[in-house]
Structures are given as C-alpha cells and as structure tokens.
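Residue strings, one per chain:
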Amino acid sequence: MRIGELAARAGTTTRTLRYYESRGLLPARRTGNGYRTYDEDDVRLLEQIRTLQDFGFDLEETRPFVECLRSGHPEGDSCPASLAVYRRKLTELDALIGELSAVRNQVGAQLARAEAAIGGVPEPRCELTG
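Everything numeric in this text was worked out from a predicted model, so none of it was measured.

**Student:** I would appreciate a short explanation of the overall build of the protein in the present structure.
**Tutor:** Scanning the protein from terminus to terminus reveals five helices and zero strands. Taken from the N to the C terminus, the helices and strands of the protein come in the order α-α-α-α-α. Whereas a compact globule of 130 residues would reach a radius of gyration of roughly 14 Å, the protein reaches 24 Å, over 25% beyond that. Seen along its three principal axes, the alpha-carbon backbone of the protein occupies a region of about 80 × 40 × 20 Å. Expressed as a percentage of the 130 residues in the protein, the buried residues total 26%. Intrachain contacts of the protein at a sequence separation of at least 6 include 45% that bridge at least 24 residues. Split by element, the accessible area of the protein, about 9,000 Å² in all, is 56% carbon and sulfur.

If you want it as structure tokens, here you go:
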C-alpha cells in the first residue's frame, strides 16, 4: 500500500509517517518509480506506536517495541528491551502518583484550614451566582 492508504488505516497523517521514517521507526521501502510502499506489518507497527503514545510513552520510548516487532516477534513487548521500558515507565508513573498524592494532601489541608478559619461566619455571596 502507499503512504496515503497507510495513513488512513493507521488513523494518522502522511506527514507523521514521514517523520517516523526520518526517525528510523518506519521502514523506507520504495518502488522503482520512487513511491513509498508499506504492508500489514507496518500497520501493526503503527498500532503499537499509537497504543504506547496513548499510554504516555514518548516516541523514542517506542523504539524497542518497534525493533521487537521488526525482529519477528508477534508482540512488540516480548523482548527484553521492551520489558525494560515498561519497568522504567512504571517507576516514572509511581513517582508521579506520589507527587500528585502529596499535592492532593496539601490542597486538602489548605481546604480544611480555610474552612476552620471561617468558622461560623456565613460565606459571602458570589456575584456571579446571585
């Protein structure tokens, strides 16, 4: 298939595909007349990239998964390098969850302090709600 068909099937743009090609993530096979040509393996590769990006992986983090697929594995996450990226991402997510939890606790404490400070004083009316 040609680049436009691949882009449509993958739900992306030809510009994105050319960018992936320039980054070495998508193979650059060409016909005799210079047209790019792709196959079902490329569709699967793009699905893998998109899924990982939906999970918050940056483009470079998808490289081990792409290489795993290219080496003949049916799933891009069955290679040691892919597993290592999963482990790093989980560590990163755990750290972010910890940071968000700490911020949530601080906001909760500020709310409790603010509510305690107003005590029995009636809340001022908001001009926007009447």
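**Student:** How should the side chain of Glu61 be read in this particular structure?
**Tutor:** Checked against the element boundaries, Glu61 lands in the loop between helix H3 (40-54) and helix H4 (63-70). Take Glu61: its relative accessible area is 18%, and that puts it in the buried class.

**Student:** When you look at the layout of surface pockets in this model, what are you seeing that I'm missing?
**Tutor:** Take a probe with the size of a water molecule and roll it over the atoms, and the empty space left behind shows itself. Its volume calculated, the largest pocket comes out at about 150 Å³. Lining the largest pocket we find Pro27, Arg29, Asp39, Asp41, Asp42, Arg44, Leu45, Leu69 and Arg70. Broken down by secondary-structure element, the contributors of at least two residues to the lining of the largest pocket are H3 and H4. A per-element tally of the lining of the largest pocket places H3 first, with four residues. Among the residues forming the lining of the largest pocket, the class breakdown is three nonpolar, no polar and six charged.

Criteria and thresholds
- Residues numbered from 1 in each chain as written.
- Predicted model: local features only at pLDDT ≥ 70, side-chain atom pairs only at ≥ 80, totals over all residues.
- Heavy atoms only, no water.
- Helix = DSSP H or I, 4+ residues; strand = E, 2+ residues; numbered from the N terminus.
- Rg over C-alpha atoms; globule rule 2.2 N^0.38 Å.
- Buried < 20%, exposed > 50% of the residue type's maximum accessible area, 1.4 Å probe, protein only.
- Contact = heavy atoms within 4.5 Å.
- Areas by Shrake-Rupley, 256 points an atom, 1.4 Å probe, with all protein chains shown as cover.
- 1 Å grid on protein atoms, 1.4 Å probe; cavity = no way out; pocket = protein on both sides within 12 Å on 5 of 7 lines; lining within 4 Å.
- Points joined across faces, edges and corners; volume = space filled by probe spheres on them.
- Nonpolar A, V, L, I, M, F, W, Y, C, P; charged D, E, K, R; others polar.

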